[in-house]
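# Coordinates in review
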Amino acid sequence: SYPYRVMDPSSSAPSCSEACGDGLDEGCGEKLLSVLRRFALQGLLLVVSRWQDYGATPGLEVYGTPLYSLVVERCKDLITSLQEAMGLAGGGGGL
């Protein structure tokens, strides 16, 4: 699953292009994109991958709807850690 948000330099007014994809985990890309929006992050591609030992099975089939919470919480943790490492803690975005 992945989302991205980037500034569109070809636009006369500042605008942000964004998109997402789910892979086998239906709906996760949109959930991750909402995290990027909430943190007001742009210029960022966030990719989430999960490992399973037995074939390619959709995450919802294996984990159910708690999959969304797991993915979103881990991404929020990652973003917060990156902000702290860059000295941007509490800055509300701008990675």
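Residues numbered from 1 in each chain as written. Predicted model: local features only at pLDDT ≥ 70, side-chain atom pairs only at ≥ 80, totals over all residues. Heavy atoms only, no water.

Here the focus is the packing of helix H1 (residues 28–38) against helix H3 (residues 66–85). Interaxial distance between H1 and H3 falls to 10 Å at its minimum, and their mutual angle equals 35°. Crossing angle aside, the handedness with which H1 passes H3 is right-handed. Touching Cys28, Lys31, Leu32, Val35, Leu36 and Arg38 of H1 are Leu67, Tyr68, Val71, Val72, Cys75, Lys76 and Ile79, all from H3. Here the contact of H1 with H3 is composed, by residue class, of 10 nonpolar, no polar and 3 charged. (Axes fitted to C-alpha atoms, helices over the stretch in contact; angles between N-to-C directions. Helix = DSSP H or I, 4+ residues; strand = E, 2+ residues; numbered from the N terminus. Left-handed = near helix turned anticlockwise from the far one by under 90°. Contact = heavy atoms within 4.5 Å. Nonpolar A, V, L, I, M, F, W, Y, C, P; charged D, E, K, R; others polar.)

Judged by pairing direction, the sheet is antiparallel, and its 3 strands sit side by side in the order S2-S1-S3 without closing on themselves. Edge positions in the sheet fall to strand S2 (16–21) and strand S3 (44–45), since each has one partner strand and no second. Bridge count for strand S1 (residues 2–7) against S3 is 2 bridges, and the pairing is antiparallel. Among the inter-strand pairings, Arg5 is bridged to a residue of S3, identified as Leu44. The strands that H1 touches are S1, S2 and S3; relative to S1, the one it contacts most, it runs at about 35°. (Pairing = 2+ DSSP bridges.)

The biggest cluster of nonpolar side chains holds 14 residues, and the ones touching the most others in it are Leu36, Leu41, Val71 and Ile79. Going through the elements one at a time, H1 and H3 are the ones with two or more residues in this core. Take this core: its biggest share by element is 6 residues, from H3. (Core = buried A, V, L, I, M, F, W, Y, C linked by side-chain atoms within 4.5 Å. Buried < 20%, exposed > 50% of the residue type's maximum accessible area, 1.4 Å probe, protein only.)

On to H1. Inspection of H1 places Cys28, Gly29, Leu32, Leu33, Val35 and Leu36 among the buried residues, and these make up the whole buried set. The buried residues of H1 all sit within an arc of 155° when viewed along its axis, so they share a single face. After H1 finishes, the residue Ala40 shows a positive phi value of roughly 55°. (Arc of directions from axis to C-beta.)

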